[in-house]
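Examination of the molecular architecture
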Amino acid sequence: MATTIKLELPEEIASRLRAKWKDLPRAALESLLADGYRSELLSADQVRQLLGFGSRMRVDEFLKQHGVYDYTAEDFEQDRLTLHRLKRRAGKRQ
């Protein structure tokens, strides 16, 4: 079963919003899903399915466009260690 959400906006406000987002229902859905992901209520796979994206890469692009960055301190530490290992390997080859 699905839930339908209906928004009623004064035409003046809707017109201003349409100037930026031509498809207001889609813009509202995207905002809701981006915030749901940011709040850890939705998974990347749920966002992917609800927006009809074919890949996780498209979800990452979407999240970036909405100011949601999925990069943790653990990710940073792993990248730092990888960079350190690569520098050591490169130094041994010279």
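That block above? That's the structure.
Residues numbered from 1 in each chain as written. Predicted model: local features only at pLDDT ≥ 70, side-chain atom pairs only at ≥ 80, totals over all residues. Heavy atoms only, no water.

Turning next to the overall build of the chain. Helix and strand counts for the chain stand at five helices and zero strands. In the chain, the succession of helices and strands from N to C terminus is α-α-α-α-α. Radius of gyration (C-alpha) of the chain: 20 Å, far over the 12 Å computed for a compact globule of 94 residues. Taken along the three principal axes of its C-alpha coordinates, the chain extends 65 × 35 × 25 Å. For the chain, buried positions account for 17% of its 94 residues. At a minimum sequence separation of 6, the contacts of the chain that also span at least 24 residues come to 29%. (Helix = DSSP H or I, 4+ residues; strand = E, 2+ residues; numbered from the N terminus. Rg over C-alpha atoms; globule rule 2.2 N^0.38 Å. Buried < 20%, exposed > 50% of the residue type's maximum accessible area, 1.4 Å probe, protein only. Contact = heavy atoms within 4.5 Å.)

A word on helix H2 (residues 24–38). Its 15 residues place the ends of H2 21 Å apart at the C-alpha level, agreeing with the 21 Å of an ideal helix rising 1.5 Å per residue. Close packing links the buried residues of H2 with helix H1 (11–20), helix H3 (44–51) and helix H4 (56–65). Positive backbone phi, at 65°, marks glutamate 40, one or two positions downstream of H2. (Expected span 1.5 Å × (residues − 1).)

Tallying each qualifying case throughout the model produces nine salt bridges. The partner of lysine 6 in a salt bridge is glutamate 8, with the nearest N and O atoms 3.9 Å apart. Lysine 6 sits in the exposed class, given a relative accessible area of 66%. Between arginine 48 and aspartate 45 there is a salt bridge; the shortest N-O distance is 2.8 Å. Here aspartate 45 and arginine 48 lie together in helix H3, a separation of three residues that amounts to about one turn. (Salt bridge = Lys/Arg side-chain N within 4 Å of Asp/Glu carboxyl O.)

Any functional reading would require information beyond the geometric quantities listed.
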